[in-house]
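Analysis of the macromolecular model
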Amino acid sequence: MAVDADNLLIVHYPDPVLRAKTTVIKSVTAEVRRVVDRMTAIMREEEGIGLAAPQVGLAWKLFICDVPESDERSASDDPPTASPGLQVYINPKLTKPTGPLEPFEEGCLSLPEIRGRVLRPPMVTITAMGLDGETFTQTGAGLLARCWQHEMDHLDGILIIDRMLQEDRLKNRTKVKALEK
Ligand code: ZN
């Protein structure tokens, strides 16, 4: 069934699509491009740094990231800790998690007002297909690596409320219950 890309909207927890098994994208069609354009517009509007297809109601293996540079982050670091602009990851796979797990507070556009510390390795390698249909591999660190891991979790039906430290899970309990109503 054709996707009405222009009318895609952010999906909030507990919508079941956020837990759905995602499917591989066979090729970069015009429809995939329209979905990426719409996801980009939504991410910019919501001032997010990443967005996964299930968050707009599509159980596809696709996410986008744009981690802006700052005093602490740069796309020219080795490995990079920010993106050089919008990046599209189709059928991504993560490998080589490196370094001791680090806690850092994360939020999610599908879980409004909920934030909590999640432990993740500080460096990871991603292999994915780009919008040009070519497979590429990148290694990232810092917020960029964290963004990839957060978005990758979405493609596996995992949310920050599943991963956050127990103390933060308890702090957010009321807000999570409110979303479930
Ligand atoms: Zn998220």
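Above this note sits the structure.
Residues numbered from 1 in each chain as written. Predicted model: local features only at pLDDT ≥ 70, side-chain atom pairs only at ≥ 80, totals over all residues. Heavy atoms only, no water.

1. Topic: the overall build of the chain
From N to C terminus, the chain includes five helices and seven strands. Secondary structure elements in the chain, listed N-terminal to C-terminal, are α-β-β-β-β-β-β-β-α-α-α-α. Relative to its length of 181 residues, the chain is compact, with a C-alpha radius of gyration of 16 Å against a globular reference of 16 Å. C-alpha atoms of the chain, sized along the principal axes, occupy 45 × 40 × 25 Å. Looking at the 181 residues of the chain, the share that counts as buried comes to 46%. Sequence-distant contacts in the chain: of pairs separated by 6 or more residues, those separated by 24 or more amount to 66%. Of the roughly 9,500 Å² of accessible surface on the chain, a fraction of 52% belongs to carbon and sulfur atoms. Separation of charge centres in the chain, based on 22 positive and 27 negative side chains, amounts to 7 Å. (Helix = DSSP H or I, 4+ residues; strand = E, 2+ residues; numbered from the N terminus. Rg over C-alpha atoms; globule rule 2.2 N^0.38 Å. Buried < 20%, exposed > 50% of the residue type's maximum accessible area, 1.4 Å probe, protein only. Contact = heavy atoms within 4.5 Å. Areas by Shrake-Rupley, 256 points an atom, 1.4 Å probe, with all protein chains shown as cover. Lys, Arg positive; Asp, Glu negative; His and termini not counted. Charge placed at Lys NZ, Arg CZ, Asp CG, Glu CD.)

2. Re the side chain of Q87
Within the element layout of this structure, Q87 appears in strand β3 (residues 87–98). Aside from chain neighbours lying at most four places away, what touches Q87 is F63, I64, C65, Q138 and L144.

3. Regarding the pairing of strand β5 (residues 115–120)
The side-chain alternation of β5 yields one buried face, formed by G116, V118 and R120, and one unburied face, formed by R115, R117 and L119. By the bridge criterion, six bridges tie strand β4 (residues 102–107) to β5 in an arrangement that is antiparallel. If you follow P103 over to β5, its bridge partner there is L119. (Pairing = 2+ DSSP bridges.)

4. Section: the coordination of the zinc ion
Surrounding the zinc ion are the protein donor atoms C108 (SG), H150 (NE2) and H154 (NE2), which sit 2.0 to 2.2 Å from the metal. Each donor residue of the zinc ion lies on the same chain, and together they follow the pattern C-x41-H-x3-H. With H150 and H154 both in helix α2 (residues 142–155) and four residues apart, the pair spans about one turn of that helix. (Donors = N, O, S within 2.8 Å, 3.2 Å for Na, K, Ca; no water.)

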